[in-house]
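# Summary of the model geometry
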Amino acid sequence: MEYSSEPPASQDAAPHARGGGLRRRLVLVTVLLAAVALVLDQLTKRVVETTMEVGQSIDVFAPLLRWYYIKNSGAAFSMGEGFTWIFTIIQAAVLIYVAVFLVRKIRVWPWALALGGLMGGVAGNLTDRLFREPSFGNGHVVDFIALPNFAIFNVADMFIVCSMIGICLLLFTGRELDGSKSGAAKPNPKLNGNDGQETP
């Protein structure tokens, strides 16, 4: 009988190293996607602010799409105007919760993309609320994308909505942050699948 000269710990080192490398890549992708969403959101808002007047409308693909520059004190899609400071607190809490408690648990790509997009979208609108007029924490969000018979929104709102759709699909299919299936029965290797008796 042959025995391995390597200790058990060294035999498990490669799988652990690969798992650690995957986790780092997933976190990196999550952070990078959040940063891209934030930069894209703020850049488009800056372009609108410097090239349009509040209330101005520009046809892009009439009648399906137009730019309509407004300042929104409410939530996504101009809902809940007049409660700016409440939305500021909620968005800050969501961003902190996702960044601190959820991102480090990601083990699969779909969750990395969903949470990265959500963080970037929330950070985009939160940046407006913190640093735009009229005051810190009560800033109005720049909205400019207008569709027929629909609310006016921005790039951050798009990332938030798309990410939330993805998160709902992941939750609906029972996909956990680590890639496992929620509620899935774990097979017992000691039991025989036919009669439920322990195998010798």
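The structure under discussion appears in the preceding block.
The notes below deal with the structure included here. All values derive from a computational prediction rather than experimental measurement.

## So, the sheet that holds strand β3 (residues 141-146)
The four strands are arranged β1-β2-β3-β4 in an open sheet whose pairing can be described as antiparallel. Of all strands in the sheet, those with a lone pairing partner are β1 (57-61) and β4 (152-153), marking the two edges. Taken together, the two bridges between β3 and β4 define a ladder with antiparallel strand orientation. By the bridge assignment for β4, A146 is matched with I152. Of the strands in this sheet, β3 and β4 are in contact with helix α5 (residues 155-172), which crosses β3 at around 80°.

## What to know about the environment of K105
Structurally, K105 is set in the loop between α3 (84-102) and α4 (109-131). Here K105 falls in the partly exposed class, since its relative accessible area comes to 39%. Note: C-alpha distance between K105 and G179 (74 residues apart in sequence) is 10.0 Å. Excluding its chain neighbours within four sequence positions, the residues that come into contact with K105 are L177 and D178.

## Comments concerning the packing of aromatic side chains
Counted by the stated rule, this structure contains four aromatic pairs. Plain terms: the ring middles of Y97 and F101 are 5.6 Å apart, the flat faces sit at 35° to each other, and that makes the pair tilted. Here F101 and Y97 lie together in helix α3, a separation of four residues that amounts to about one turn. Aromatic side chains F131 and F136 sit 6.1 Å apart centroid to centroid with 65° between the ring planes, which places their arrangement in the edge-to-face category. Judged on exposure class, the residue F131 and its partner F136 are both exposed.

## A closer look at the packing of α4 against α5
Packing of α4 against α5 brings their axes to within 8 Å, and their N-to-C directions diverge by 150°. The element α4 and its partner α5 pack so that their crossing is left-handed. Note on element contacts: α5 touches α4 through A156, D157, F159, I160, S163, M164, I167, L170 and L171, opposite P110, W111, L113, A114, L115, G117, L118, G121, V122, G124 and N125. Along the lines of polarity and charge, the residues of the contact of α4 with α5 split into 14 nonpolar, five polar and one charged.

## Brief notes about the side chain of N72
By secondary structure assignment, the location of N72 is in strand β2 (residues 65-72). A distance of 3.2 Å separates the side chain of N72 from the side chain of D143, its partner in a polar contact.

## Quick word on the nonpolar core
If you look at the biggest cluster of nonpolar residues, it comprises 21 residues, and the most contacted ones within it are V98, I106, W111 and L115. Contributions of two or more residues to this core are made by α2 (13-51), α3, α4 and α5. Considering every element that reaches this core, the biggest residue donor is α4, with nine residues. Ignoring any residue separated from it by four or fewer positions in sequence, one finds I106 in contact with R23, L26, T30, W111, A112, L115 and L177. Grouped together as the second largest cluster of nonpolar side chains are nine residues, L65, Y69, V142 and F144 included.

What counts, and where the lines are drawn
Within every chain, residues take consecutive numbers counted from 1 along the sequence as written. Since the coordinates come from a predicted model, pLDDT governs what is reported: local features require at least 70, and pairs of side-chain atoms require 80 or more to be given and counted, while whole-chain, interface and lining totals use all residues. Hydrogens and water molecules were not included; the side-chain quantities draw on all heavy atoms of the structure. One requirement defines pairing of two strands: DSSP has to find at least two bridges between them. Only DSSP runs of H or I covering at least 4 residues are called helices, and only runs of E covering at least 2 are called strands; the numbering of each starts at the N terminus. In what follows, a contact means two residues having at least one pair of non-hydrogen atoms within 4.5 Å. The axes used here are C-alpha line fits, helices contributing only the stretch in contact, and every angle between their N-to-C directions lies in the interval 0 to 180 degrees. In this scheme, a residue with accessible area under 20% of its type's maximum is buried, one over 50% is exposed, and one in between is partly exposed, where area comes from a 1.4 Å probe on protein chains only. Think of it this way: a Phe, Tyr or Trp ring, Trp meaning its six-membered ring, pairs with another when their centres are within 6.5 Å, and the plane angle makes it stacked under 30 degrees, edge-to-face over 60, tilted otherwise. Two helices crossing with the near one rotated counterclockwise from the far one by less than a right angle form a left-handed crossing, whereas a clockwise rotation gives a right-handed crossing. Charged means Asp, Glu, Lys or Arg here, nonpolar means Ala, Val, Leu, Ile, Met, Phe, Trp, Tyr, Cys or Pro, and polar covers whatever is left, Gly included. Nitrogen and oxygen atoms within 3.5 Å of one another constitute a polar contact, given that in protein one can donate a hydrogen and the other can accept it, and given that sequence-neighbouring residues count only through two side-chain atoms. We call a set of buried Ala, Val, Leu, Ile, Met, Phe, Trp, Tyr and Cys residues a nonpolar core when their side-chain atoms join them within 4.5 Å.

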